[in-house]
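Examining the three-dimensional arrangement
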Amino acid sequence: MDHRPSVPPLPAGLAGSAPTPERVPLPPGRLGFDQVAAALVADGLVAEHDQDRIRFSAHGARNASEVHPLVLLANLKLAATGGGELGLERLTEWLAERTGTRYLRIDPTRVDVPAVTALVSHAYARRHRFLPLAANAERVLVATSEPLAHEWLRDLQHLTRRQIELATVNPLDLHRYTMEFFGVTHSVRGARGDARSDTNGTLPSFEQLVELGRAGDVNADDHHIVHIVDWLLQYAYEQRASDIHLEPRRDMGRMRFRIDGVLHKVFEVPPAVMTAVVSRIKVLGRMDLAERRRPQDGRIKTRSPGGREVEMRLSTMPTAFGEKCVMRIFDPDAAFKSIDQLGFSPEEAAGWTALVERPHGIVLVTGPTGSGKTTTLYSTLKRLATPDVNVCTVEDPIEMIAPEFNQMQVQTNIDLDFAAGVRTLLRQDPDIIMIGEIRDLETAQMAVQASLTGHLVLSTLHTNDAPSAITRLLDLGVPHYLIASTVNGILAQRLVRTLCPHCKVPKPLTDAQWAALADANEALPESPTPYAPAGCIDCRRTGYLGRVGLYELLPLGSRLRGLIRADMDLAGFSRAARAEGLRTLRRAGLEKVAAGLTTIEEVLSVLPPPDEPRALPDS
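Residues numbered from 1 in each chain as written. Predicted model: local features only at pLDDT ≥ 70, side-chain atom pairs only at ≥ 80, totals over all residues. Heavy atoms only, no water.

- Naming follows an unreviewed UniProt entry, where the protein chain appears as GspE/PulE family protein of Stenotrophomonas oahuensis.
- Regarding the protein chain, the UniProt comment filed under Sequence similarities (unreviewed entry) reads as follows: "Belongs to the GSP E family." (UniProt positions renumbered as here; feature names shortened; annotations may be inferred.)

1. Focus: the pattern of salt bridges
- This structure, assessed with the given rule, holds 26 salt bridges.
- For Arg110, the salt bridge is made with Asp107, and the minimal N-O distance between the two is 3.6 Å.
- Overall, Arg110 belongs to the buried group, its relative accessible area being 5%.
- Residue class for Asp107 comes out buried when judged on its relative accessible area of 5%.
- Of the charged contacts, one joins Asp260 and Arg240 as a salt bridge, the two residues approaching to 3.1 Å between their closest N and O atoms. Here Asp260, found in the loop between strand S6 (253–259) and strand S7 (262–269), pairs with Arg240, found in the loop between helix H9 (223–238) and strand S5 (243–247); they are 20 residues apart in sequence, far enough to count as distant.
- Here the salt bridges share partners, and the residues they tie into one network are Glu247, Arg249, Arg254 and Arg256. (Salt bridge = Lys/Arg side-chain N within 4 Å of Asp/Glu carboxyl O. Buried < 20%, exposed > 50% of the residue type's maximum accessible area, 1.4 Å probe, protein only. Helix = DSSP H or I, 4+ residues; strand = E, 2+ residues; numbered from the N terminus.)

2. A closer look at unusual backbone geometry
- Pro397 follows Asp396 through a cis peptide bond whose omega is -10°.
- As for its placement among the helices and strands, Pro397 is situated in the loop between strand S12 (391–395) and strand S13 (406–409).
- Phi angles above zero are rare outside glycine, and Arg240 is one such case at about 60°.
- The phi torsion at Asp415 lies on the positive side, around 60°, for a residue other than glycine.

3. Section: the packing of helix H1 (residues 33–42) against helix H4 (residues 88–99)
- Viewed as axis vectors pointing N to C, H1 and H4 meet at an angle of 85°, and their least axial separation amounts to 12 Å. Overall, the two elements H1 and H4 adopt an arrangement that is roughly perpendicular. Along its contact with H1, which presents Val36, Ala39 and Leu40, the element H4 presents Leu91, Trp94 and Arg98. (Axes fitted to C-alpha atoms, helices over the stretch in contact; angles between N-to-C directions. Parallel < 35°, antiparallel > 145°, perpendicular 65-115°, else oblique. Contact = heavy atoms within 4.5 Å.)

4. Thoughts on the sheet that holds strand S19 (residues 544–555)
- With mixed pairing, 7 strands are arranged side by side in an open sheet as S13-S12-S14-S15-S11-S16-S19. Each having just a single partner strand, S13 and S19 make up the two edges of the open sheet. Along the sheet, successive strands turn relative to each other by an average axial angle of 20°, direction set aside.
- Across 10 bridges, the pairing between strand S16 (residues 487–499) and S19 is antiparallel. What sits directly across from Ile490, in S19, is Leu554. (Pairing = 2+ DSSP bridges.)

5. A short note on the UniProt feature "domain: Bacterial type II secretion system protein E" (unreviewed entry) in the protein chain
- UniProt records the feature "domain: Bacterial type II secretion system protein E" (unreviewed entry) at residues 426–440, using the numbering of this structure.
- Within residues 426–440, the helical portion is 0% and the strand portion 27%, while the C-alpha atoms at the span's ends are 18 Å from each other.

6. Comments concerning helix H7 (residues 153–160)
- Along H7, the positions that sit buried rather than exposed are Leu153, Leu156 and Thr160. For H7, the angular spread of buried residues about the axis comes to 70°, placing them on one side. Among the exposed residues of H7, those oriented more than 90 degrees off its buried face are Arg154, His158 and Leu159.
- Elements in contact with the buried residues of H7: strand S2 (130–135), strand S3 (139–144) and strand S4 (163–168).
- Where H7 ends, the next residue or the one after it, Arg161, has phi of about 55°, a positive value. (Arc of directions from axis to C-beta.)

7. With respect to the confidence of the model for the protein chain
- Residues with a pLDDT of 70 or more make up 82% of the protein chain, whose mean pLDDT is 80.
- Of all secondary-structure elements in the protein chain, the lowest mean pLDDT belongs to helix H2 (residues 51–61), at 62, while strand S11 (residues 361–366) reaches the highest, 95.
- Across residues 1–22, confidence stays below pLDDT 50; counting only partners more than four residues off in sequence or on other chains, it has 68 contacts.
- Across residues 197–217 the pLDDT falls below 50, and counting only partners more than four positions away or on other chains, this stretch makes 31 contacts in the model. (pLDDT = per-residue confidence, 0-100.)

8. Digging into the side chain of Lys282
- One can find Lys282 in helix H10 (residues 271–284).
- By relative accessible area, Lys282 is classed as buried at 0%.
- Among the polar contacts listed, one links the side chain of Lys282 to the side chain of Glu323, at a separation of 2.9 Å.
- Excluding its chain neighbours within four sequence positions, the residues that come into contact with Lys282 are Met287, Asp288, Leu289, Glu291, Arg292, Gln296, Thr316 and Glu323. (Polar contact = N/O pair within 3.5 Å; in protein donor to acceptor, adjacent residues only side chain to side chain.)

9. As for the environment of Asp331
- When you line up the elements, Asp331 lands in the loop between strand S10 (322–330) and helix H11 (332–335).
- Looking at Asp331, the relative accessible area reads 18%, which means it is buried.
- In this structure the C-alpha to C-alpha distance between Asp331 and Glu309, which are 22 residues apart in sequence, comes to 7.6 Å.
- Apart from the residues within four sequence positions on either side, Asp331 is in contact with Arg308 and Val310.

In structure tokens form, the structure reads like this:
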């Protein structure tokens, strides 16, 4: 789905508060510090004891003509009479109301950058402090930090032959996005020009895929390409993207971000530029630049704009029109969270802590790909890895480099698989072993052996719920008596999007809707307060902001261990687990809905139907 804005109506993700009638109008033209400060005082937005401070600052700011008055005022950190601080965004909203224009916050993921930057030149937009954000056949939405300076308005209306709709935006955001949008567009155009001069129109295509080499590319070290890649990575960090997808197509390659589990298209570039961008990323990831016929994996370690070290796992694959590249971003702040931050309830946190603090045995985390298993394991290991403990892992691939662990990567080309890795780790005097995934009988047997010899083993399986992990191990060929004696507990989990706290609205659910989520044997939570998504600037009009985990924790007590047999009845085992107090994924989802954290649609979208087979295929 294309999320780009259109006008009219005002683009989703670009909309702000509606204008209200003017009170005392500001003089036309460029805003001056004296006039803005006087209007703030006249409107009673600042306290009386701050007026002298404003006047003193106004006297010192008269020569700072290049700095926007709102920026100067925001730097004073004035206290608003209604409470809170007069920050730049609040001052911008006040200015929009004062000038009778629409207040707007720019969401860069909703802007068709090549289209809007083609309307005017960079120099003209910078000189007059405006930036086109969206356009259709009748209207152009233009963001400005000078809503009363209209000397450019008639020229732009004549140039575009369309009606101009003004919106007031944060002056720092305006300056930043003007530089970024025109800068990346300039780099794409420059790279495309290099491609035309260097390749004579030769672009990767399905017919040429087998013979792809270095010919026909823009240089990966070209300064335009370097700028595009740097902008792309910074852009992804700021938008909280977990994955970056670079997808070549016949006419225009697509760049998409996965944010809160949903893909958003953010930019399009010509095929030759896309090829060069992928090549640049392969260079950074120390991958074979000349090899384009086989999939490759790599890693990049860099710093985010905030200074944090961020790791990215790279994966390329050949497609009909060139190499597709996916970069998975591992932010340490997201990968290493406390148990509470992961979304565990107090009871679940206490049960999980009790399981992983046992000296030996197997603890399994189950769920489909993308359900947060790796984050749960890393956060748990981070907590367990004290200076007096030896924590060793064998992974495929290593997701995050952690200095507290001894991490080993599976390398099938030299016969270093999970089973061989665990066999090696057992000779490394470990206390805790983490196995990335139990995929086959040999790996399962090594995990059992490790637990029987006094080690704590953490690993993952692909099943739909916790009880199904037992039948999965049986299917692999592990004897039932070894499962009963080694497995301490199983955690099944899912991730659901959480409602945006800024815009969610109460919405009672019908009995039928509750029944769709609730299990027959479980009562509804007391005093439920369900909410529905509304959409605002902070959540990009989606109604959701961030994700939280749903957990199903199954500790194996003596009664449940006695039910594990070679011909075990899964349905009967599940009923017994519930009788022992198992809180199912559906119950966890129902409680999150009742608490107003998410919606019933989100929960149902990640849970399998009751009649769906329990086991998932290996990924």
